[in-house]
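# A look at the structure
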Amino acid sequence: MHPVVTDLSAELWQSAVRVLDINWSGDHMVPSRRLYPHQWSWDTAFIAVGLAYVNPTRAWRDLHSLFEAQWPDGRVPHIAFDPATGEEDYFPGPAFWNVPAYGRRRPLGSTGIVQPPVHALAAWEVYRHAAAHGAASVQEALNELAWLYPRLVAQQDYLSERRNAGGAGLAAIVHPWESGLDNSPSWDAALANVPADLSLLTRYHRRDLVVTNAAHRPTDEDYARYVRLAVSYRDGGYSDTDLPQRHDFVVECPGFNGVLGVAELALAQIAGVLGLPLDARRHRQRAREITAAISRTLWDPATRTFRSRDVRTGELSAARCVNGLLPLMLPDLSADRAAAIMDELRSERFGLPAPSTDRTAAYFDTHRYWRGPVWINVNWLLRRGMQVHGHHGEAEELRRALLRLVHDNGPYEYFDPETGKGLGAPTFSWSAALCLDLLADRSAPAYARDA
Ligand code: GLC
């Protein structure tokens with residue numbers, strides 16, 4: 001067991017390790033056995049952060065498996081499908097996405113949409129902890145970093161170039177699922193322009209409602225829109241050309257782009273370790289550019305908050321959601337913007353741990369997925385932001401609050417922000433994995449200050 005884990009938290013540590021053992025599928029981790037029986041992209045990154053403490057070889061294996069599904073254009077699919085899992089076990093499954101063979105990948109091996117690029121940060125974290133496991137682990141980490149680095153760069157290039165649909169230097173998402181915050185109110189305005197054809201749900205059946213509570217999941221109307229957008233992107237050959245003209249949903253998310261910027265900083269660290277100082281400098285420059293683009297394009301001066309932006313209309317969303325707080329992770333964010341995020345976080349609208357949306361808003365729903373519940377991963381990212389901007393007291397308060405939540409309620413997928421009751425999948429991999437990091441790591445992140 002990690003030396004800084006106290007007796008009080010030993011129970012939580014053991015149960016988190018157990019979840020990661022149960023959810024290991026040989027060469028990848030599933031987010032949860034019943035609800036999510038394949039490999040998910042940003043889950044893999046958060047899971048690696050926890051595995052770094054207990055089984056770094058699995059962390060690398062998991063990242064490796066995901067990047068083996070990377071497309072030749074650099075995109076990392078939001079799901080890498082497990083061929084041993086049946087089509088009927090998950091919707092929308094391999095046949096729905098109908099992805100052709102690419103590289104050495106068989107047909108129907110993945111989806112064609114992405115998720116936030118947390119992987120460079122995760123790889124850096126696993127590397128950072130390798131020394132604690134001995135010399136062989138350090139060598140393994142160096143080999144894996146060398147393998148991953150060009151792939152992580154290709155992922156960034158895909159997002160920064162092909163997805164720069166708005167021309168501001170930000171990555172646009174083409175589906176709410178790409179944000180990782182599936183049914184967040186952040187997408188309501190942009191989604192209102194997408195027809196909700198409920199007959200699509202008679203052709204394609206939702207499986208999530210078979211295995212979990214409908215009141216905790218997106219509504220059928222939203223789901224019909226999700227299916228329509230996925231079909232439209234798929235039938236356009238997953239092309240990103242002329243997106244705003246061709247596709248019904250093209251949105252810039254402050255959370256996704258905050259992660260994009262942080263990934264450049266992690267890549268700068270990795271390039272440094274690999275002896276590539278010029279690349280390291282280029283990554284730091286890219287992080288500054290992304291930070292400036294977020295500040296310029298996604299900032300609402302009237303409310304002093306970051307919002308998502310509909311690229312097709314140019315409008316900022318009216319909804320105040322947790323993704324608007326995530327630019328705090330960027331060390332080059334101005335003191336003024338960082339202070340505004342902290343004010344928002346401290347206000348009655350959020351608080352610690354942060355719910356996924358504004359508690360005072362009409363759309364706030366304590367049970368419905370990303371429309372209110374507390375999620376561990378975004379709070380973990382927020383904690384890093386607090387550390388980066390020197391709010392160590394609140395970062396510690398948040399660390400304790402998250403651990404208490406999981407300790408008292410179990411490693412659930414998400415939590416009622418009023419009662420703490422666990423919701424969704426009960427043994428959820430990233431909730432367990434990030435607890436290991438929260439239990440063990442009280443230090444400031446290594447990229448805290450720009451070199
Ligand atoms: C849900 C979440 C998404 C996550 C996936 C697998 O779709 O909204 O963020 O990656 O489940 O855990």
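Here, residues in each chain are numbered from 1, in the same order as that chain's written sequence. Selection of residues for local features in this predicted model requires a pLDDT of at least 70, selection of side-chain atom pairs for listing and counting requires 80 or more, and totals for whole chains, interfaces and linings are taken over all residues. Hydrogens and water molecules were not included; the side-chain quantities draw on all heavy atoms of the structure.

Here we take up the packing of helix α5 (residues 119-130) against helix α13 (residues 254-273). When two helices pack together, their arrangement is given by the angle between the helix axes and the distance between those axes. In contact at an axis separation of 8 Å, α5 and α13 are set at 40° when each is read in the N-to-C sense. Judged by the inter-axis angle, α5 sits oblique to α13. The interaxial crossing formed by α5 with α13 has left-handed handedness. Facing α5, whose interface residues are A120, L121, A123, W124 and Y127, α13 presents V262, A263, A266, L267, Q269, I270 and V273. Classifying every residue of the contact of α5 with α13 gives eleven nonpolar, one polar and no charged. Note on definitions: angles span 0 to 180 degrees between N-to-C directions of axes, and those axes are lines fitted to C-alpha atoms, for helices only across the stretch in contact. Numbering of helices and strands starts at the N terminus; helices are DSSP runs of H or I of at least 4 residues and strands are runs of E of at least 2. Roughly parallel here means an angle under 35 degrees, roughly antiparallel means over 145, roughly perpendicular means 65 to 115, and every remaining angle is called oblique. Crossings are sorted by hand: turned counterclockwise from the far helix by less than a right angle, the near helix makes the crossing left-handed, and turned clockwise it makes it right-handed. Two residues form a contact once any of their heavy atoms are found within 4.5 Å. Three classes are used, and their members are as follows: Ala, Val, Leu, Ile, Met, Phe, Trp, Tyr, Cys and Pro are nonpolar, Asp, Glu, Lys and Arg are charged, and the others, Gly among them, are polar.

Pairing between strands is defined by DSSP: at least two bridges between the two strands are required. Reading across from one edge, β3-β4-β7 is the order of the three strands in this open sheet, with antiparallel pairing throughout. The sheet terminates laterally at β3 (172-173) and β7 (309-310), the two strands that pair on one side only. Of the strand pairs in this sheet, strand β4 (residues 251-252) and β7 are connected by two bridges, and their pairing is antiparallel. Bridging from a neighbouring strand, E252 pairs with R309 of β7.

A few words now on the confidence of the model for the protein. For every residue, the predictor assigns a confidence score, pLDDT, that lies between 0 and 100. Per-chain confidence: the protein averages 94 in pLDDT, with 96% of residues scoring 70 or above. When mean pLDDT is compared element by element in the protein, β3 scores highest at 99, while helix α9 (residues 200-203) scores lowest at 80. The model gives residues 1-5 a pLDDT under 50, and that stretch makes eleven contacts with residues more than four places away or in other chains. Low pLDDT (under 50) marks residues 446-451, which in the prediction has 20 contacts with non-local residues, meaning those over four places away or in another chain.

Think of an α-helix as turning once every 3.6 residues; residues three or four places apart then point the same way. For helix α15 (residues 335-346), which comprises twelve residues, the first-to-last C-alpha distance of 16 Å matches the rise-based estimate of 16 Å (1.5 Å per residue) to within 8%. Those residues of α15 that are buried lie in contact with α14 (277-297), β5 (299-300), β6 (305-306), α16 (376-388) and α17 (392-409). Here a helix's expected span is defined as the number of its residues, less one, multiplied by 1.5 Å.

Another aspect to go through is the site of the ligand. Here, proximity means that at least one heavy atom of the residue falls within 4 Å of the molecule or strand. If you check the shell around the ligand, you find P31, Y36, W40, W42, D43, Q115, G180, D182, Y369, W370, F428 and W430 and nothing else. Pairing of N or O atoms within 3.5 Å defines a polar contact, subject to two protein rules: one partner must be a possible hydrogen donor and the other a possible acceptor, and residues neighboring in sequence count only if both atoms are side-chain atoms. D43 has a polar side-chain atom sitting 2.6 Å from an oxygen atom of the ligand. At 2.8 Å, a side-chain N or O of D182 approaches an oxygen atom of the ligand. Exposure was quantified through the Shrake-Rupley algorithm and a 1.4 Å probe, taking into account, for residues, occlusion by the shown protein chains and nothing else. Contact with the protein chains covers 97% of the free accessible surface of the ligand, which is 310 Å².

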